[in-house]
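Architecture and fold: a report
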Amino acid sequence: GGLTMGGLLGNVAIYLGAAVLMVPLSKRYGLGSVLGYLFAGVLIGPWVLGLIGDSEDILHFAEFGVVLLLFLIGLELNPARLWAMRRAIFGLGSAQVAATAVLLFVVLLQFGLEWRWALVGALGLALSSTAIALQTLTERNLLATPAGNAGFAVLLFQDIAVIPMLAIIPLLAGFRGEALDNWISFAKILVAIGAIVIGGRYVILPLFRRAALSGVREIFTASALLLVIVISLVMEAVGLSMALGAFLTGVLLAESEYRHALETDLEPFKGLLLGLFFIAVGMSIDFGVIAGQPLVVLQLLVVLLATKIGVLWALAAIFRVPLSQHALLALMLAQGGEFAFVLFATAVGAGVLDGAWRELLIGAVVLSMMVTPLMLKAHDRWIEPLFRGKDTRPMDTIETESHPVIIVGFGRFGQIVGRLLHANGIDTTILDHDPGHIDLIRRFGFKVFYGDGGRLDLLEAAGAGKARLLVLAVDDREESLHIVARVREHFPQLAILARAWDANHLLELREAGVEVVERETFEGALRLGELTLRRLGFTAWRAKQVAHRFRAHDVALMEQQFEHFHADLDVRAALSADAREQLREQMQIDEATFGQHPDSDWQ
């Protein structure tokens, strides 16, 4: 009763109990975790067991899960990557939102809604569920595929588009002579965004440094959570979406050295809170309204799915997503999104949407969320096999393969390894998941298979049980660590040789149990450094010797860093600084010993 400690803990127990019961069941039947959480919410909500009465409070609390999700998405995207994706985000994303909203607006007018209601409804339904789509992409390890990239860009644009949508609502309610107030709130918004951008650089980062220096892990986690909460509150105070503020902060911190620590610390909170969000959504479905007008809700659901799938399918063709992935992209983003709840609630509050229609629209959105895992299951069973022969070879052609070496990732790095082995008569099985890339490689006479190296069935088919070596040359850091974990668990006899993105990635791979790791740019950069010394007058012999010395030193430093991998960043930085000084002194001793001055070529 009330929110006494016992009452609160009782509620928490009910939530966790429902989740622990339903999610594994849902996963077992291949429906994904999101549907499990939604079912759990329906189960404990007012319409089935009625264990918890008020889901509104929970929804507010659980929205924080979506906020954390967007903060973590922001962390993945530094400004440079955002800029590189601009065509997909603003081209594909804006086209999807605009086309879907226009079509839905016309349809909702046919349902007899007043035009302002229809507009709000159409905008809300045009959004997809970031949480469901990203969870789907991550669970299936599809983020690196063309459909994954396109889907991510669309979701990102939608998250940005929520702001103008929320800003339109007071305008629809009519100025009523409050133009001044509108300008004031607009100014507030600009100030808030400015404060986040400037504060991010000059306030937040120094605070993180202090927290990191304290060496207390939980203080660092606490400061990360505090940061996200404060920014969300600031954004909410000026009437913007909390999630957008969190996303902006994430982007600002994507460049910082604390990115990985933040990701690892916040990941468990995100998972739980997102789960809570979906439970709250499941609880908030008003089955009374749906039962009262089942036909209207079903019509809305069909219209929503049909419009979205049609628009996404057409855009996938225009934006050159491979044909085999059109259906995946369309089905993955066909559902309504969590921001629709926020938008509709704001609209009802401002008087530009009728309360009963809100329930009907939300009913359609939630049902669309529930249908998504089923549609994706259907896609896997019936649609995907149709395309298997088009830009991929059927799985069974790999089944006979048992070459001694498997190369996963055949881009600029993997190709060189593959060509060297090929030249020496060593057969390899190559896996890559870029369809366009594969056609090109095949024309050069390599035997290459389309597939994601993290998938167990594919690794088995590629002969991982019999092969001796796996050369891991994928571009994506996270994906490479995921593949290492898979291979170590299921094929312990298979030795892994991996390409690392940078020093930190090298240490992460070593930590994951990979013995042989090569940084992709290290040898090339060292060679260029050696040639630079030659141009500055060093003899060929001396330049090579210096480079050798540097290589040995750097390898030793990496070993040292690996021993202190779990130590504080400052400890590792100090080690690095000491090693730099030692190397410099060593080079000076060599110089004195060999008396080899830059211009003394004939000594």
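Residues numbered from 1 in each chain as written. Predicted model: local features only at pLDDT ≥ 70, side-chain atom pairs only at ≥ 80, totals over all residues. Heavy atoms only, no water.

1. Topic: the overall build of the protein chain
Helix and strand counts for the protein chain stand at 25 helices and six strands. Counting over 603 residues, the protein chain shows a buried share of 49%. When contacts within the protein chain are restricted to residue pairs at least 6 apart in sequence, long-range pairs at least 24 apart make up 74% of them. Working note: accessible area of the protein chain is about 29000 Å², and carbon and sulfur atoms make up 64% of it. (Helix = DSSP H or I, 4+ residues; strand = E, 2+ residues; numbered from the N terminus. Buried < 20%, exposed > 50% of the residue type's maximum accessible area, 1.4 Å probe, protein only. Contact = heavy atoms within 4.5 Å. Areas by Shrake-Rupley, 256 points an atom, 1.4 Å probe, with all protein chains shown as cover.)

2. Observations regarding the side chain of Asp159
Position of Asp159 among the secondary structure elements: in helix α8 (residues 146-172). With residues up to four places along the chain from it excluded, the contact list for Asp159 reads Leu70, Thr130, Leu244 and Phe339.

3. A closer look at the side chain of Thr136
Along the chain, Thr136 falls in helix α7 (residues 130-139). Residue Thr136 is classed as buried on the basis of its relative accessible area, which comes to 12%. In terms of polar contacts, Thr136 uses its side chain to reach the backbone carbonyl oxygen of Ile132, at 2.6 Å. (Polar contact = N/O pair within 3.5 Å; in protein donor to acceptor, adjacent residues only side chain to side chain.)

4. Considerations on the environment of Leu127
For Leu127, the location among the structural elements is in the loop between α6 (115-126) and α7. In this structure Leu127 comes out as buried when scored by relative accessible area, which is 2%. Taking the C-alpha atoms as reference points, Leu127 and Val365, 238 residues apart in sequence, are found 9.9 Å from one another. In this view, Leu127 contacts Gln158, Val162, Met165, Lys308, Gln335, Gly336, Gly337, Phe339 and Ala340; residues no more than four positions away in its chain are not counted.

5. Examining the packing of aromatic side chains
The description of an aromatic ring pair rests on the distance of the ring centres and on the angle between the ring planes. This model, assessed by the stated rule, comprises four aromatic pairs. Aromatic pair Phe277 and Phe278: ring centres 5.5 Å apart, planes at 70 degrees, arrangement edge-to-face. By the burial criterion, Phe277 is buried, and Phe278 matches it. A network of ring pairs unites the aromatic residues Phe277, Phe278 and Phe341 as a single cluster. Between Arg381 and the ring centre of Trp382, over which it is positioned, the NZ or CZ distance is 5.8 Å. (Phe/Tyr/Trp six-rings, centres within 6.5 Å; stacked < 30°, edge-to-face > 60°. Lys NZ or Arg CZ within 6 Å of the ring centre and 35° of its normal.)

6. Side note on the pairing of strand β2 (residues 428-432)
Judged by how many residues are buried, β2 sits mostly within the fold: five of five residues are covered. Side chains Thr428, Ile430 and Asp432 of β2 all project onto a buried face; the interleaved residues Thr429 and Leu431 project onto the opposite face, where all are buried too. Of the pairings in the sheet, the one linking strand β1 (residues 405-408) to β2 comprises four bridges and is parallel in character. In the sheet register, Val408 faces β2, and the bridge partner there is Leu431. (Pairing = 2+ DSSP bridges.)

7. Looking at the packing of helix α21 (residues 477-490) against helix α22 (residues 503-511)
Interaxial distance between α21 and α22 falls to 10 Å at its minimum, and their mutual angle equals 15 degrees. Considering the angle they form, α21 stands roughly parallel to α22. Crossing hand, α21 versus α22: right-handed. Contacts from Arg477, Ser480, Leu481 and Val484 in α21 reach Asn504, His505, Glu508 and Leu509 in α22. (Axes fitted to C-alpha atoms, helices over the stretch in contact; angles between N-to-C directions. Parallel < 35°, antiparallel > 145°, perpendicular 65-115°, else oblique. Left-handed = near helix turned anticlockwise from the far one by under 90°.)

8. Description of helix α5 (residues 86-110)
Between its first and last C-alpha atoms α5 spans 36 Å; for 25 residues at 1.5 Å apiece the expected length is 36 Å, and the two agree. Turning to α5, its buried residues number three or more, namely Ile89, Leu92, Gly93, Gln96, Val97, Thr100, Ala101, Leu104 and Leu108. Downstream of α5 by one or two residues, Gly112 has phi in the positive range, about 90 degrees. (Expected span 1.5 Å × (residues − 1).)

9. Concerning the nonpolar core
Phe71, Ile73, Phe208, Leu253, Leu262, Phe278 and Phe344 are the most contacted members of the largest nonpolar core, which has 135 residues in total. Here this core takes 15 residues from α8, the largest share from any one element. Ranked by size, the runner-up nonpolar core spans 27 residues in total, among them Leu459, Ala498, Ala500 and Leu507. (Core = buried A, V, L, I, M, F, W, Y, C linked by side-chain atoms within 4.5 Å.)

10. Some remarks on the pattern of salt bridges
Side chains that differ in charge, positive against negative, can pair when their charged atoms come close. Counted under the stated rule, the structure contains 12 salt bridges. Between Arg499 and Asp475 there is a salt bridge, with the nearest N and O atoms lying 3.0 Å from each other. Of this pair, Arg499 sits in strand β5 (residues 495-500) while Asp475 is found in the loop between β4 (469-472) and α21, placing the two residues 24 residues apart along the sequence. With a closest N to O distance of 3.8 Å, Arg477 and Glu508 form a salt bridge. Of the two residues, Arg477 is situated in helix α21 and Glu508 in helix α22; the sequence distance between them amounts to 31 residues. Of the two residues examined, Arg477 and Glu508, each falls in the buried class. A network of salt bridges, in which partner residues are shared, links Arg412, Asp475, Arg499 and Glu520. (Salt bridge = Lys/Arg side-chain N within 4 Å of Asp/Glu carboxyl O.)

11. Considerations on the environment of Leu472
Mapped onto the secondary structure, Leu472 falls in strand β4. Each C-alpha atom of the pair Leu472 and Val408 lies 5.1 Å from the other, and the pair is 64 residues apart in sequence.

12. Remarks on the packing of α5 against helix α14 (residues 294-318)
Packing of α5 against α14 brings their axes to within 10 Å, and their N-to-C directions diverge by 145 degrees. Pair α5 / α14 crosses with right-handed handedness. Residues Leu92, Ala95, Gln96, Ala99, Thr100, Leu103, Leu104, Val107 and Leu108 of α5 touch α14, and the partners they reach there are Leu300, Val303, Leu304, Thr307, Lys308, Val311, Leu312 and Leu315. Among the residues making up the contact of α5 with α14, the classes are represented as 13 nonpolar, three polar and one charged. (Nonpolar A, V, L, I, M, F, W, Y, C, P; charged D, E, K, R; others polar.)

13. Examining a nonpolar patch on the surface
Taken together, the side chains of Val197, Ile198, Tyr202, Val203 and Leu207 define a hydrophobic patch exposed on the protein surface, amounting to about 520 Å² of accessible area. Mapped onto the elements, Ile198 comes out in helix α9 (residues 179-213). (Patch = residues over 30% accessible without salt bridge, like charges linked within 9 Å, V, L, I, M, F, W, Y side chains within 5 Å.)

14. Points about unusual backbone geometry
Unlike most non-glycine residues, Arg320 shows phi in positive territory, near 60 degrees. Turning to its location among the elements, Arg320 is positioned in the loop between α14 and α15 (326-332). Relative accessible area serves as the criterion here: at 75%, Arg320 is assigned to the exposed category.

15. Observations regarding the confidence of the model for the protein chain
In this model, the protein chain carries a mean pLDDT of 83, and residues with pLDDT of at least 70 account for 90%. Residue range residues 391-400 is modelled with pLDDT below 50. Its contacts to residues more than four positions away, or to other chains, number 20 contacts. Within the model, pLDDT remains below 50 along residues 599-603, and this stretch shows five contacts once partners closer than five positions in the same chain are excluded. (pLDDT = per-residue confidence, 0-100.)

16. Comments concerning helix α10 (residues 217-237)
Taking 1.5 Å as the rise per residue, α10 with 21 residues should run 30 Å; its terminal C-alpha atoms sit 31 Å apart, in good agreement. Those residues of α10 lying buried are Phe220, Thr221, Ser223, Ala224, Leu225, Leu227, Val228, Ile231, Ser232 and Met235.

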